[in-house]
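Overview (structure and organization)
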Amino acid sequence: MATEYFNEMYHGDQVRPPYARLEDWMRAMPAEFRAMKQAEAEALFRRIGITFAVYGEGGDPDRLIPFDMFPRVFTQSEWRRLERGIKQRARALNAFLLDVYGRGEIIRAGRVPARLVYQNAAYERAVAGFTPPRGVYSHIVGIDLVRTGPDDFFVLEDNCRTPSGVSYMLENREIMMRMFPALFRENRIEPVDGYPGLLRRTLASVAPAKCEGEPVVAILTPGHFNSAYYEHSFLADLMGVELVEGADLFVEGGFVWMRTTEGPKRVDVIYRRIDDAYLDPLCFRPDSMLGVPGLMDVYRSGGVTIASAPGAGVADDKAIYTFVPEMIRFYLGEEPVLLNVPTWQCAKADDLNYVLDQLSELVVKEVHGSGGYGMLVGPRASKAQIEAFRARLVANPAGYIAQPTLALSTTPTFVNEGIAPRHVDLRPYCLVGERIELVPGGLTRVALTEGSLVVNSSQGGGVKDTWVLAE
Amino acid sequence: MILTVSHATTYRYSAPMRGAVQSLRLFPARFEGQNVLDWQVEVPSGIRGGSFRDGAGDKIEGWSLRGPITEVSVHVSGRVETQDLHGVLRGHREVVPAAAYLRTSPPTEADAALSDLAVAAGAGAQDLLDRAHRLAAAVTAAIVYRPGVTHEHTTAAEALALGEGVCQDHAHALIAAAHVLDMPARYVSGYLFSDAQGAAHEAAHAWAELWVEGLGWVGFDAANACCPDARYIRLGSGFDARDAAPIRGLALGEGLESLDVAVAVGQAQQ
């Protein structure tokens, strides 16, 4: 069973080069020492107060996400290719957003169906015709990747709105360096701690033309009850910017102002961690108290930048996903570096028939679902589960897409019995402003349950430090 | 025809409020049927915010007021030279494609009765324009104009079931019916000059526009069984009444709000 999956550390009996030094580290570690370190890691996570939240996954906000100490490693050349593919995708997604809120050339050219865009719940009519600074809509693009072979990477989904989890990328590294300083002397590992500075520069680079002097950046959070609040305050601290809630901001004279003890201070760029619908009760949901009344008028008249731009979500739903390779060809004139997973749209009769026929082999997901809920992993489901899912699928075909069950790669992971291969994915965070930047690393999520292909933390997943080796 | 508009909206609060913010869509649309001679929008003691033209071609202007306040008023006055284009929105610049107006919102969702009405009305239509006219006529016949029976949040389906309503209900029902037949449709807010012949409608008015391929957006006022002509001033559009509202505002505080609106649309002596 284990041989059908690509193991990132072992090729047969051989250790793959990036993991060579980790092999010694692993062998030299006595069980008691390991248990002590695991307890130490947990204590550190508890002390810094990082608790779980990955976008849309819900769950208990005070729960610790399990941290696995065994790092996941990429070589420099593997990473270069990933980096090229991720940046290419981030560029194409932004070009698509600029286009569909402008002339809609890709639709006129017949490459993407009009219905999928203009009737998409995430298409915001209110921002059509408005060009955000530098034409950027999605400033932080989280691209979820899986690996199936030495050179085979697939994109599972794009996150153009407010991808979360980057605090784990930073904290996992911090904790590993604190616990195993020798490892970081023996291996030349690319740093990731430049991320907050890079994020701040990216956001400052998209300040509106009306901004005078050094742009003032603020992070807008829904508040401490939000499951990702830790990440919001963590990033604000590291970036040296204010963390604000809607009530801390107001609009006047065509600008957004922050209430401070020294009086109102103008805000030029808002990195918002709240959904479009809650941003401005005058434009979106009238009952929302989380946002800032009048914000969208200021935004659309060029008084403030909102990152990601309202309406960016139209590029990242599972139905649009199918067309991203087409976007890369259409806007960039390039072939995609990273592959999409072949996807069947159950809304199409032919696709639906195929999917119903092959249910026990496929993964079926809700178009608007996330967090690993409401999904069927055919090969791992019981007959009864498959039949129950079949009924839901037939009742609402348009709500589902299906993909082949991917043979997700494994990396060694500490488990109760010792060390065992577990399936992983990867979410890097690509920053788009004046330039497109990517720190060498990301968030590796690991399915801790043996055999499980679902890495979501709400479904028993954990996280790992992700290394990119320097040359 | 030269129409004069005087429109005052006053919100009063039972207790002092901490401030207010408004988003105003109170500017006549720019197209061949309208030539704005003069036009003022004022919010006494308000601070003017940013203004811009949105993707649907509407000019929007933000305003704010510092508290404490017990009253917010919006004054609109101006003159517009209009001509009768038989409802056709000719020469109107916008970026939002017609296909975006196939989306329904809660007040424009079709139930079985609206679907039946649309299908029956559309049967036998010679072309898209004829179909649009038939849909508008069917809505006129199905919903009798009667003020006071429906309210702000009445849906198209509820108004049809009642068989009575005001211009907002006619517009919502026509949008819902058009969507059933896959015709893009949207809500338009504006003013109407009621001369002697017309029914006595409020001067602040609303109607629907349907997308007729080859012709573009065409207005249909099912409440008055006609297409907008020189008596109409078009302001802005949206998916439904709330989305196209000329005034969207919010005051911060605990006071209860009461509303007073006075609209007069007249014909200027030429």
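That block above? That's the structure.
Residue numbers restart at each chain and count upward from 1, following the sequence in its written direction. Lettering of chains starts at A and numbering of ligands starts at 1, both following the order in which they are written. Where local features are concerned, this predicted model is filtered to residues with pLDDT of at least 70; where side-chain atom pairs are given and counted, the filter is 80 or more; whole-chain, interface and lining totals use all residues. In computing side-chain properties, one takes all heavy atoms of the structure into account and sets aside hydrogens as well as water.

**With respect to the overall build of chain A**
Helix and strand definitions follow DSSP, with helices as H or I runs of at least four residues and strands as E runs of at least two, each counted in order from the N terminus. Scanning chain A from N- to C-terminus turns up 14 helices and 23 strands. Here the C-alpha radius of gyration of chain A, 22 Å, is about what a compact globule of 471 residues would show, namely 23 Å. For chain A, the spread of C-alpha atoms along the principal axes amounts to about 65 × 55 × 40 Å. Here the term buried applies to any residue with accessible area under 20% of the maximum for its type, exposed to any over 50%, and partly exposed to those in between, with areas from a 1.4 Å probe on protein chains only. Here chain A, with 471 residues, has 60% of them falling under the buried criterion. It only takes one pair of heavy atoms within 4.5 Å for two residues to be counted as in contact. Across chain A, the fraction of contacts at a sequence separation of at least 24, relative to all contacts at a separation of at least 6, is 70%. Residue burial considers only the protein chains on display, and all accessible areas are found by Shrake-Rupley using a 1.4 Å probe. Carbon together with sulfur atoms contributes 51% to the accessible area of chain A, which is approximately 18,600 Å² in total. As defined in this context, the radius of gyration uses C-alpha atoms, and a globule is described by 2.2 Å times the residue total to the power 0.38.

**Overview of the interface of chain A and chain B**
Each side of the interface is counted separately: chain A has 24 residues, and chain B has 34 residues. Two parts lose some accessible area (1.4 Å probe) when they are put together, and adding that loss for both gives the buried area. Taken over both partners, the interface formed by chain A and chain B buries close to 2,300 Å², and the fraction arising from carbon and sulfur atoms is 57%. Contact with chain B buries area across many residues of chain A, yet Arg125, Glu252 and Leu282 of chain A alone supply 33% of it, more than any other trio. Any pair of nitrogen or oxygen atoms within 3.5 Å is treated as a polar contact; in protein, a donor-acceptor pairing is required on top of that, and neighbouring residues in sequence qualify only through side-chain atoms on both sides. The interface formed by chain A and chain B contains ten residue pairs in polar contact (both at pLDDT 80 or more). Among the elements of the structure, strand E8 (249–252) and helix H10 (295–300) of chain A are those that each provide at least two residues to the side of chain A that touches chain B.

**Comments concerning the sheet that holds strand E8 (residues 204–212) of chain B**
Residues and elements named next belong to chain B. At least two DSSP bridges between two strands are needed for those strands to be called paired. One open sheet accounts for four strands, arranged E9-E8-E7-E10; its pairing is antiparallel. At either margin of the open sheet sits one strand with a lone partner, and together these are strand E9 (216–220) and strand E10 (232–238). The average undirected angle you get between the axes of adjacent strands in this sheet is 35°. Here the axes come from fitting lines to C-alpha atoms, over the contacting stretch only for helices, and the angles between their N-to-C directions go from 0 to 180 degrees. Contacts from helix H2 (residues 128–142) reach E8 and E9, with the element oriented near 145° to E8.

**What to know about unusual backbone geometry**
Residue serine 308 of chain A is reached from alanine 307 of chain A by a cis peptide bond, and omega for that bond is -10°. Relative to the assigned elements, serine 308 of chain A resides in the loop between strand E12 (305–307) and helix H11 (318–321). Following glycine 67 of chain B, the chain continues to proline 68 of chain B via a peptide bond in cis, the omega torsion being -5°. With respect to the helices, strands and loops of the structure, proline 68 of chain B is situated in strand E4 (residues 59–82). Backbone geometry at histidine 86 of chain B places phi at a positive 55°, although glycine is not the residue there. For histidine 86 of chain B, the position within the fold is in the loop between E4 and helix H1 (112–122). Phi is positive for aspartate 182 of chain B, which is not a glycine, with a value near 65°.

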